[in-house]
Number of protein chains: 2
Amino acid sequence: MNFPSKLIEDAVNEISRLPGIGKKTALRLALHLLKQPEAIAENLTDAITKLRKETAYCRVCHNISDQEICSVCQSPRRDRSLICVVEDIPDVLAIENTSQYNGLYHVLGGVISPIQGIGPEELKIASLLTRIDQPHSGEAVSEVILALPSTMEGDTTAFYITRKLKEKGIKVSTIARGIPIGGELEYTDEVTLGRSILTRVNYSVD
Amino acid sequence: MNFPSKLIEDAVNEISRLPGIGKKTALRLALHLLKQPEAIAENLTDAITKLRKETAYCRVCHNISDQEICSVCQSPRRDRSLICVVEDIPDVLAIENTSQYNGLYHVLGGVISPIQGIGPEELKIASLLTRIDQPHSGEAVSEVILALPSTMEGDTTAFYITRKLKEKGIKVSTIARGIPIGGELEYTDEVTLGRSILTRVNYSVD
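What you see is a predicted model; the values in this text were computed from it and never measured.

## Comments concerning the relation of the copies chain A and chain B
Thought 1: Once chain A is rotated about the relating axis by 180 degrees and shifted along it by 0.0 Å, it coincides with chain B to within an RMSD of 0.0 Å. This pairing of chains is accounted for by a two-fold axis. Taking the C-alpha atom as reference, chain A places A:T45 closest to the rotation axis, 2.5 Å from it.
Thought 2: Comparing contact sets, 100% of the residues at the interface of chain A also lie at the interface in chain B, consistent with an isologous, same-surface contact.

## A word on the UniProt feature "zinc finger region: C4-type" (unreviewed entry) in chain A
Thought 1: The UniProt entry lists residues 58-73 of chain A under the feature "zinc finger region: C4-type" (unreviewed entry), expressed in the numbering used here.
Thought 2: Span residues 58-73 of chain A is 19% helix and 12% strand, its end C-alpha atoms 8 Å apart.

## Quick look at the pattern of salt bridges
Thought 1: Within this structure, the stated rule accounts for 18 salt bridges over all chains.
Thought 2: As a salt-bridge pair, A:K53 and B:E42 come within 3.2 Å of each other at their nearest N and O atoms. Of this pair, A:K53 sits in helix α3 (residues 38-54) while B:E42 sits in helix α3 (residues 38-54), placing the two residues on different chains.
Thought 3: What makes A:K53 partly exposed here is its relative accessible area of 49%.

## What to know about the sheet that holds strand β4 (residues 103-107) of chain B
Residues and elements named next belong to chain B.
Thought 1: Ordered by their spatial adjacency, 4 strands build an open sheet running β4-β3-β5-β6, and the pairing between neighbours is parallel. Two strands close off the open sheet at either side, each with one partner strand: β4 and β6 (171-174). The sheet shows a mean angle of 30 degrees between the axes of neighbouring strands, taken without regard to direction.
Thought 2: Bridge analysis of strand β3 (residues 79-86) against β4 gives 5 bridges, and the strand direction is parallel. Paired with V86 across the strands is V107, a residue of β4.
Thought 3: Of the strands in this sheet, β3, β4 and β5 (143-147) touch helix α6 (residues 125-133), which is tilted by about 150 degrees from β4.
Thought 4: Sitting on the sheet, helix α7 (residues 152-167) touches β3, β5 and β6, and the angle it makes with β5 is about 175 degrees.

## Quick look at the packing of helix α6 (residues 125-133) of chain A against helix α7 (residues 152-167) of chain A
Residues and elements named next belong to chain A.
Thought 1: Where α6 meets α7, the closest approach of the two axes is 11 Å, and the angle between their N-to-C directions is 25 degrees. The orientation of α6 with respect to α7, classified from their angle, is roughly parallel. Read as a crossing pair, α6 and α7 show a hand that is right-handed. Along its contact with α6, which presents I125, L128, L129 and I132, the element α7 presents Y160, I161, K164 and L165.
Thought 2: Considering only residue class, the contact of α6 with α7 consists of 7 nonpolar, no polar and 1 charged.

## Some thoughts on the interface of chain A and chain B
Thought 1: With 53 residues of chain A at the contact, the number on the chain B side is 53 residues.
Thought 2: Here chain A packs against chain B, burying approximately 5000 Å² in sum over the two surfaces, 69% of which is carbon and sulfur.
Thought 3: When the buried surface of chain A facing chain B is broken down by residue, A:L7, A:L34 and A:R52 rank first, second and third, together holding 15% of it.
Thought 4: Our enumeration of links across chain A and chain B arrives at 6 salt bridges.
Thought 5: Connecting chain A to chain B are 15 residue pairs in polar contact (both at pLDDT 80 or more).
Thought 6: Elements that contribute at least two residues to the side of chain A that touches chain B include exactly α1 (6-15), α2 (23-35), α3, β2 (64-65) and α5 (89-98) of chain A.
Thought 7: Considering every element that reaches the side of chain A that touches chain B, the biggest residue donor is α3(A), with 15 residues.

## Topic: the UniProt feature "domain: Toprim" (unreviewed entry) in chain A
Thought 1: What UniProt calls "domain: Toprim" (unreviewed entry) maps, in this numbering, to residues 81-180 of chain A.
Thought 2: Spanning residues 81-180 of chain A, this segment combines 35% helix with 20% strand, and its end C-alpha atoms are found 28 Å apart.

## Observations concerning the nonpolar core
Thought 1: Counting 82 residues, the largest nonpolar core has A:I8, A:I15, A:I21, A:C84, B:I8, B:I15 and B:I21 as the members making the most contacts within it.
Thought 2: The contact partners of A:I15, leaving out residues within four places of it in the chain, are A:I21, A:A26, A:L29, A:A30 and B:L44.

How each quantity is defined
Residues numbered from 1 in each chain as written. Chains lettered and ligands numbered in written order. Predicted model: local features only at pLDDT ≥ 70, side-chain atom pairs only at ≥ 80, totals over all residues. Heavy atoms only, no water. Least-squares fit on C-alpha atoms with pLDDT ≥ 70 in both. Contact = heavy atoms within 4.5 Å. UniProt positions renumbered as here; feature names shortened; annotations may be inferred. Helix = DSSP H or I, 4+ residues; strand = E, 2+ residues; numbered from the N terminus. Salt bridge = Lys/Arg side-chain N within 4 Å of Asp/Glu carboxyl O. Buried < 20%, exposed > 50% of the residue type's maximum accessible area, 1.4 Å probe, protein only. Pairing = 2+ DSSP bridges. Axes fitted to C-alpha atoms, helices over the stretch in contact; angles between N-to-C directions. Parallel < 35°, antiparallel > 145°, perpendicular 65-115°, else oblique. Left-handed = near helix turned anticlockwise from the far one by under 90°. Nonpolar A, V, L, I, M, F, W, Y, C, P; charged D, E, K, R; others polar. Buried area = accessible area lost by both parts, 1.4 Å probe. Polar contact = N/O pair within 3.5 Å; in protein donor to acceptor, adjacent residues only side chain to side chain. Core = buried A, V, L, I, M, F, W, Y, C linked by side-chain atoms within 4.5 Å.

Structure follows, in structure tokens:
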């Protein structure tokens, strides 16, 4: 593309570095910012700058936090005997939005992937084990729930963590896999359907 | 969505103001920026700030420009007797990328749309007429090519400009509408196919 202005060329190049944004979308966004009042662009750049410079991570669970210890880890209303292990920050947000979980979290920052050179040392696994030995709240952890992706990497990570935790005698569970609520049997893939039969649960009508 | 941090909430809100970007994409972009080296976020915000503060528009054709008069209007190699009228800046880029046009441009900044309250006064139509009366290069304009969208608003604008230009005795043309090159007849909509027969051109084998 030939740009009429160096400024717009630079802006398009920087915006199109973002994932999923190509040159055409970047140009559309740049021209949009040009048409809006200056405050819109200022607020955007301020928010990004602050996010990048001031964001900290919780010392305990490694989730994003404005303080040294995040609001979940600090809350006295959360069940501190439960820790849910997730791959990354969006997973915490997704689980929080269900309002079905009241325990703590532990953000690994990825999953074990030998191809990408990510071993257990690159993840926050050691910190999970330390946290179980010395809980920051003083309350003992009774169960670790694994909410990891159902990929080869996720399974490897789950296996690794489970072995480490079994040594400590901690109960380990994993989130249920099965047919989504509202999902139709005939359109479900064979692996999910097969597993949902193998891992069937008792049906009670009490 | 519940955010673990005010900083990420602000960033997501500001990013999701951009057209076509929802909260989920905004969150993905914000987390991406957090994971990248700080320089990536800095370059992005710098480019946007500069774009917004320093960008100017060409005094003659109203295209984006780093100088008072843009490189197209200044170039001695362009045919100054031709002016191509377009709705907005991306149209200039699209035509420039074809390498088939060597004249000047005129960016209206929109099209006449009574519903949106955009009349001829809101557009750069008066400036087009002034430009034809007093060309900045001194060379007379012989033809105005209308490259406006084929919508009701585009047609209204074309009609309005044509009437004004006919008074001045300037030749007005419009870009050809028809079946795209490589397009198949059976899949072309009726309006385009019907018009392409009515506006057929002489076929020569010389």
